[in-house]
Amino acid sequence: MPKIKFLLADGAELALEAENGRTLMETALENSVPGIIAECNGSAACATCHVVLPEEIMVALGPISEHENDMLDFAEAPRESGSRLSCQIRVSDALDNVSVRIPAA
Ligand code: FES
């Protein structure tokens, strides 16, 4: 099970073990990670599951879909690089030891 560290907006850190195949958003909700709202329940329609990932993971995850990229325009303070919708990211061993930043809302 990959270990994922959530870096919260207030500076706190939350380290979790995530289940492969679940989404990063589901992992956050199941563990009550503050700052992940997921109003649309993973339909890529609300941007309230916005996270910021390190550049090396962005490369490993591959390109963002056009729809996700459009939705990120509605996220709080999206970054030019590193912003993703956590509902669109499947947990895999590629995410082991990654730090996921939750932007301040
Ligand atoms: S949960 Fe709504 S966009 Fe991800």
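Above this text you will find the structure in question.
The structure presented is a predicted model; accordingly, all values stated were derived computationally and were not measured.

What to know about the overall build of the protein
Piece 1. Each helix and strand in the protein was counted, giving three helices and five strands.
Piece 2. Across the protein, helices and strands are ordered from the amino to the carboxyl terminus as β-β-α-β-α-α-β-β.
Piece 3. A principal-axis box enclosing the C-alpha atoms of the protein has dimensions of 30 × 30 × 25 Å.
Piece 4. When burial is assessed residue by residue, the protein has 41% of its 105 residues classed as buried.

Section: the environment of D70
Piece 1. Within the secondary structure, D70 sits in helix α3 (residues 66–71).
Piece 2. Separated by 23 residues in the primary sequence, D70 and A47 have C-alpha atoms spaced 9.8 Å apart.

Observations concerning the nonpolar core
Piece 1. I4, F6 and L24 are the most contacted members of the largest nonpolar core, which totals 29 residues.
Piece 2. Mapped by element, the contributors of at least two residues to this core are β1 (3–7), α1 (24–30), α2 (55–61) and β5 (98–101).
Piece 3. Here this core gets three residues from one element, more than from any other, and that element is α1.
Piece 4. When near neighbours in sequence (up to four residues on either side) are disregarded, I4 contacts L14, A15, L16, A18, L24, V91, L95, V98 and V100.

Section: the pattern of salt bridges
Piece 1. Going through the model one piece at a time under the given rule, you end up with five salt bridges.
Piece 2. Across the pair E26 and R22 runs a salt bridge, and its minimum N-O distance is 3.9 Å.
Piece 3. Overall, the relative accessible area of 28% leaves R22 in the partly exposed class.
Piece 4. With a shortest N-O distance of 1.9 Å, E30 and R22 are connected by a salt bridge.
Piece 5. By sharing partners, the salt bridges in this structure join R22, E26 and E30 into a single network.

Observations regarding unusual backbone geometry
Piece 1. For A38, which is not glycine, the phi dihedral falls at a positive 60°.
Piece 2. One can find A38 in the loop between α1 and β3 (50–52).
Piece 3. A relative accessible area of 9% means that A38 is categorised as buried.
Piece 4. A positive phi is found at A44, a non-glycine position, where the angle reads about 55°.
Piece 5. Tracing the chain through its elements places A44 in the loop between α1 and β3.

Description of the side chain of H50
Piece 1. By secondary structure assignment, the location of H50 is in strand β3.
Piece 2. For H50, a relative accessible area of 5% corresponds to the buried category.

Structural notes on the environment of K5
Piece 1. Looking at where K5 falls in the secondary structure, it is placed in strand β1.
Piece 2. Residue classification places K5 among the partly exposed residues on the basis of a relative accessible area of 32%.
Piece 3. Here the alpha-carbon distance between K5 and A44, two residues 39 residues apart in the chain, equals 23 Å.

Here is what the cut-offs are and how they apply
- Residues numbered from 1 in each chain as written.
- Predicted model: local features only at pLDDT ≥ 70, side-chain atom pairs only at ≥ 80, totals over all residues.
- Heavy atoms only, no water.
- Helix = DSSP H or I, 4+ residues; strand = E, 2+ residues; numbered from the N terminus.
- Buried < 20%, exposed > 50% of the residue type's maximum accessible area, 1.4 Å probe, protein only.
- Core = buried A, V, L, I, M, F, W, Y, C linked by side-chain atoms within 4.5 Å.
- Contact = heavy atoms within 4.5 Å.
- Salt bridge = Lys/Arg side-chain N within 4 Å of Asp/Glu carboxyl O.

Purely geometric stuff here, so don't read any function into it on its own.
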